[in-house]
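Close look at the chain arrangement
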Amino acid sequence: MLKKLSFIIPLLICAQLSAQESDYLQAEYDFANASYEKAYSEYRAASRQYESSDDYPNYASCNLKMAQCRLAQGKANLCVQLAERTIEYLNEVLPKDEPLKARGLSILGEGYLNLGRNDLALEALSKEEQFHGATNTLAAAECFNNLGIIYWNTGNKSTALSYHERSLNIKNELLDENDPAIADSYNNIGLIYLEDEYLQAIIYFNKAIKIYQAAEDVNNTKIANCYSNLAFAYSNQGNHNEALQYLDLVMYIWDSSFDGDHPNKAFTLSNKGRILEKQGDLNKALHYQQEALHQYLRIYGDKHPEVANAYFLIGSVYQKKEKYELAVEHFQSSIYANLFSQEPSSVYDLPEIRDYYNGDILLSSLQSKAGALEALHYEKTLKPQDLIGSLDTYTACDELITKIRQLRLSETDKLRLGTISNEVYENGIRIALELSRRTLKKQLYSERAFNFCERSKSAILLEAIQETKAKSFSGIPKDLLMLEDSLKTEISYLKQKLAQTQENNEEIKEDLFMFEQQYRLFIEKLEMDYPSYFNLKYNQKFATVTELQKALGESSAILSYFTGENTIFIFNITRNNLEIFDIPKEENFFQTAKAFRNSIKYDVFNTFVKSSTKLFKQLIPNIHKDVNHLIILPDGVLGTLPFEAFTLDEGNDRSSYAQLTYLLEQYAISYDYAATLLLDRLHDTQTTSANGILLTAPVSFTGNDIEMPDLPATKDEVNEIRYLFIATDQKPTIMAEKDASETAIKAQELNQYKYLHFATHGLVNESKPELSRVFLCPTDDDDGSLYSGEIYNLNINADLVTLSACETGLGKLAKGEGIIGLSRSLMYAGAKNLIVSLWQVADQSTSELMIDFYKQHLHHSSNNLFNDDLRKAKLTLLHSENYSSPYYWAPFILVGD
């Protein structure tokens with residue numbers, strides 16, 4: 001166990017210490033006991049004595065300690081000033097003293113954290129992180145702890161957790177298990193769990209309290225922080241009275257520790273107001289929030305994230321009290337308190353989305369202001385200005401969401417943002433649609449409604465594809481791109497291993513932390529060294545209605561869907577028209593969708609007819625008579641449905657699948673993730689240099705880790721397709737049985753093939769998409785599972801990738817993002833079009849469908865599109881004697897043209 005020096009120096013020796021050493025030790029004692037003003041004076045006295053004796057390291061050290069005192073007193077601005085001056089001194093006088101520089105950056109970062117400047121705190125602490133490198137020291141642990149706090153503040157919870165866990169692991173190596181520094185980590189990890197996993201958070205808080213209470217040299221302020229966090233946890237569980245009791249105890253500790261105003265006191269007042277608001281006591285809640293605001297204003301002035309949050313919470317109370325004007329005013333004050341250098345002239349002003357302290361608070365304030373303006377319109381004023389102001393504010397929310405998403409480091413945290421943004425987009429669509437009906441600017445507001453819908457779709461995938469394009473056009477050297485690929489490959493592998501491992505995963509976590517740390521530094525340097533890459537990466541443009549109409553053929557129509565809480569919005573776009581439908585979502589809508597899928601999979605005819613006709617009536621509007629191709633842009637659960645199996649036969653006397661009339665018989669149907677991807681594809685007229693088809697069929701799966709039936713028909717399938725291609729200029733390559741190994745696939749230059757065809761089993765893991773996989777033959781080098789993360793890192797240039805396998809079109813449903821699974825990873829890897837399946841498929845019928853599809857495409861198709869070829873192959877099965885059920889022909893869908 002490492003011990004503090006001040007507690008092991010014998011008293012006899014202390015009596016003989018020099019004056020500056022005596023002052024320093026007394027300061028250490030007073031600091032440990034929360035006597036910060038006394039400690040500051042003693043450190044200052046010691047620093048002057050060290051300066052006079054030319055002891056430069058100790059002089060600098062005392063100044064850093066003085067900065068820490070100011071920070072503990074809630075005077076973060078004074079802390080920052082002292083820390084900056086000391087760092088300048090170190091750079092001039094002690095340029096090689098890296099430990100002191102690292103300490104200075106640590107204290108500076110903490111100061112900026114308390115001022116709400118997460119950007120400057122991250123800059124300082126990232127520099128400190130580089131000083132520590134891969135060393136396992138307590139200073140490194142503290143640096144990781146502080147970086148974890150910053151990442152938590154900025155919504156990067158997954159990254160924050162990895163930093164706090166890394167900090168805790170180092171402390172566990174170096175300290176006794178009951179050291180208060182370990183309790184600090186428990187407390188911070190509990191905070192990360194606080195929002196979603198209350199019980200887990202409470203466990204960590206209690207572990208921290210137990211250590212703090214047992215330690216003799218810990219002041220009560222750390223225990224107070226834990227009590228404050230416990231109050232949050234209990235309140236989130238509905239135990240409001242218990243939460244209030246904890247906060248009373250917390251306030252007692254703060255009053256005993258600090259004179260006058262202090263951020264911790266204001267925070268506790270605010271928390272009490274939140275709990276009283278939950279209890280319905282709005283008047284008392286308002287009182288406490290106003291007290292907190294006044295204290296924050298005295299401490300920080302007009303500009304600070306805590307000031308912004310206080311205004312926001314007051315606005316929320318006024319909103320509940322139905323005092324909408326006051327709510328709007330306070331939300332507006334919250335917005336501008338969160339901005340460094342902007343001021344409003346009226347409540348209708350909108351800020352430029354830049355130079356803000358905390359993006360999440362700003363998003364909440366903008367979103368709430370938009371809702372309050374709408375309520376003000378309908379409940380009181382009926383002024384169009386309020387409704388237009390609400391819509392404009394939702395547009396500002398969208399701009400901010402895009403900026404926040406760019407700063408989220410993990411897909412998990414980006415997806416978490418999608419849940420919030422989905423509410424913004426639904427409200428934006430609804431208000432824009434209402435304005436299109438009530439004003440003369442119908443077209444303008446209709447297009448704005450579509451813009452909200454489009455921004456709700458696959459933003460993470462679009463961002464990833466945009467980043468890949470940016471690298472292609474930025475002149476980045478090949479060796480750097482290879483380095484990035486190697487880092488991404490290692491990260492994907494470790495994430496996959498972590499998802500597979502239930503226990504003893506600390507070593508994997510540590511390796512993953514190190515590789516992700518390297519990758520972040522690599523990307524930061526890439527953005528700095530190649531400005532064109534940075535500009536292209538963050539210059540995402542979304543498809544507009546006008547652009548889509550110019551690119552659409554006369555016979556095609558786009559149906560883009562947004563499934564809201566109570567409404568389904570349908571955008572029907574043709575070459576010359578835009579129609580928008582808002583249809584009440586039936587209470588049992590999800591049950592109907594599930595019944596439709598299950599009735600096909602399990603052959604329940606009557607349920608199929610009832611559910612499919614119901615979905616047809618709700619989801620398919622009147623289509624112009626010249627249209628013969630529907631492009632479906634689904635949302636949410638709609639992405640799991642084959643629209644071509646919708647039937648038009650409700651009330652008709654039909655007793656078999658062959659007698660029904662299907663949407664497939666009227667239209668060729670294709671799907672896409674977003675209109676922006678569709679537009680890119682429609683504009684992409686470049687002829688690919690790729691040639692030929694790679695046909696893959698393992699056939700037998702006896703060596704794989706999961707027991708699966710053999711697929712004997714797949715051998716005939718790939719052989720028949722091979723014969724079809726022999727007669728063309730697209731030469732076939734076949735990998736069957738043992739040759740169809742994961743090792744062989746990875747060794748192939750996949751980007752040389754125009755077509756890739758995998759006839760095999762697939763497995764989708766909805767809870768852990770990174771474990772979704774395509775099965776191939778195992779070898780000594782590979783396990784035969786081509787995982788989703790590995791597919792992301794493949795280099796594909798194919799016009800079409802076909803996964804003639806089970807459920808490869810499914811995955812995890814994520815709000816605002818769609819289905820996350822194998823199909824997305826293939827699209828990211830470079831596939832221009834995909835054929836994937838929505839449920840487990842039959843071996844023989846699948847083989848016949850695929851062979852007929854390629855026959856149609858190679859020998860009967862009059863264009864280069866795939867949608868009509870797949871439709872004709874499906875119709876052949878539909879009209880056959882044995883395969884008329886949608887079970888056989890409906891699961892395979894085309895993503896693309």
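The structure presented is a predicted model; accordingly, all values stated were derived computationally and were not measured.

Here's the deal with the nonpolar core
If you look at the biggest cluster of nonpolar residues, it comprises 110 residues, and the most contacted ones within it are Y227 and L230. Sequence-distant contacts of L230, defined by excluding residues within four places in its chain, comprise I202, F205, N206, I209 and Y246.

Concerning the packing of aromatic side chains
Throughout the structure, instances matching the rule amount to 38 aromatic pairs. Ring centres 5.0 Å apart and planes at 70° place the aromatic pair F534 and Y538 in the edge-to-face group. Overall, F534 belongs to the partly exposed group, its relative accessible area being 36%. Judged by its relative accessible area of 25%, Y538 is partly exposed. Measuring from centroid to centroid gives 5.1 Å for Y662 and W889, while their planes differ by 85°, and the two rings are edge-to-face.

Digging into helix α29 (residues 675–683)
Every buried residue of α29 is accounted for by A675, T676, L677, L678, L679 and R681. Those residues of α29 that are buried are in contact with α21 (442–455), α22 (459–472), α26 (545–551), β1 (556–563), β4 (629–633) and α33 (822–829).

Description of the environment of E28
Tracing the sequence through the fold places E28 in helix α2 (residues 19–32). Along the primary structure E28 and E129 are separated by 101 residues, whereas in three dimensions their C-alpha atoms are 26 Å apart. Leave out the neighbours within four places in its chain, and E28 touches Y43 and K65.

A word on the environment of Q466
By the secondary structure assignment, Q466 is in helix α22. On the basis of relative accessible area, Q466 is assigned to the buried category, the value being 14%. Among all residues touching Q466, those that are not within four sequence positions of it are L536, K537, N539 and Q540.

Some remarks on empty space enclosed by the protein
Gaps between atoms show up when a probe of the same size as a water molecule is rolled over them. Counted according to the given criterion, the structure contains 7 cavities of 30 Å³ or more. Empty space within the second largest cavity amounts to approximately 120 Å³. In terms of lining residues, the second largest cavity is bounded by T402, R405, Q406, A459, L462, E463, Q466, K537, Y538, Q540 and F542. Counting only elements with at least two residues in the lining of the second largest cavity, the list comes to α19 (384–407) and α22. Per-element tally for the lining of the second largest cavity: the top contributor is α22, with 4 residues. For the lining of the second largest cavity, a count of residues per class yields 4 nonpolar, 4 polar and 3 charged.

Some thoughts on the pairing of strand β2 (residues 567–574)
Each regular strand shows side chains that alternate between the opposite faces of the sheet. Counted residue by residue, β2 has 8 buried out of 8 residues, so it is predominantly covered. Where burial is concerned, the two faces of β2 agree: the one with T567, F569, F571 and I573 and the one with I568, I570, N572 and T574 are both buried. If you look at the hairpin formed by β1 and β2, you'll find 3 residues sitting between the two strands. Looking at chain direction, β2 and strand β3 (residues 577–584) are connected through 8 bridges and run antiparallel. From the neighbouring strand, I570 faces β3, where its bridge partner is F581. Connecting the antiparallel pair β2 and β3 is a turn made up of 2 residues.

Let's talk about the pattern of salt bridges
Applying the stated criterion across every chain, the model contains 46 salt bridges. The residue E165 makes a salt bridge to K509 at a minimum N-O spacing of 3.4 Å. Of the two residues, E165 sits in helix α9 (residues 157–174) while K509 sits in helix α24 (residues 506–529), which places them 344 residues apart along the sequence. According to the relative accessible area criterion, K509 is partly exposed, its value standing at 25%. In this structure, K537 engages E467 in a salt bridge whose closest nitrogen and oxygen atoms are separated by 3.8 Å.

Rules used throughout
Residues numbered from 1 in each chain as written. Predicted model: local features only at pLDDT ≥ 70, side-chain atom pairs only at ≥ 80, totals over all residues. Heavy atoms only, no water. Core = buried A, V, L, I, M, F, W, Y, C linked by side-chain atoms within 4.5 Å. Buried < 20%, exposed > 50% of the residue type's maximum accessible area, 1.4 Å probe, protein only. Contact = heavy atoms within 4.5 Å. Phe/Tyr/Trp six-rings, centres within 6.5 Å; stacked < 30°, edge-to-face > 60°. Helix = DSSP H or I, 4+ residues; strand = E, 2+ residues; numbered from the N terminus. 1 Å grid on protein atoms, 1.4 Å probe; cavity = no way out; pocket = protein on both sides within 12 Å on 5 of 7 lines; lining within 4 Å. Points joined across faces, edges and corners; volume = space filled by probe spheres on them. Nonpolar A, V, L, I, M, F, W, Y, C, P; charged D, E, K, R; others polar. Pairing = 2+ DSSP bridges. Salt bridge = Lys/Arg side-chain N within 4 Å of Asp/Glu carboxyl O.

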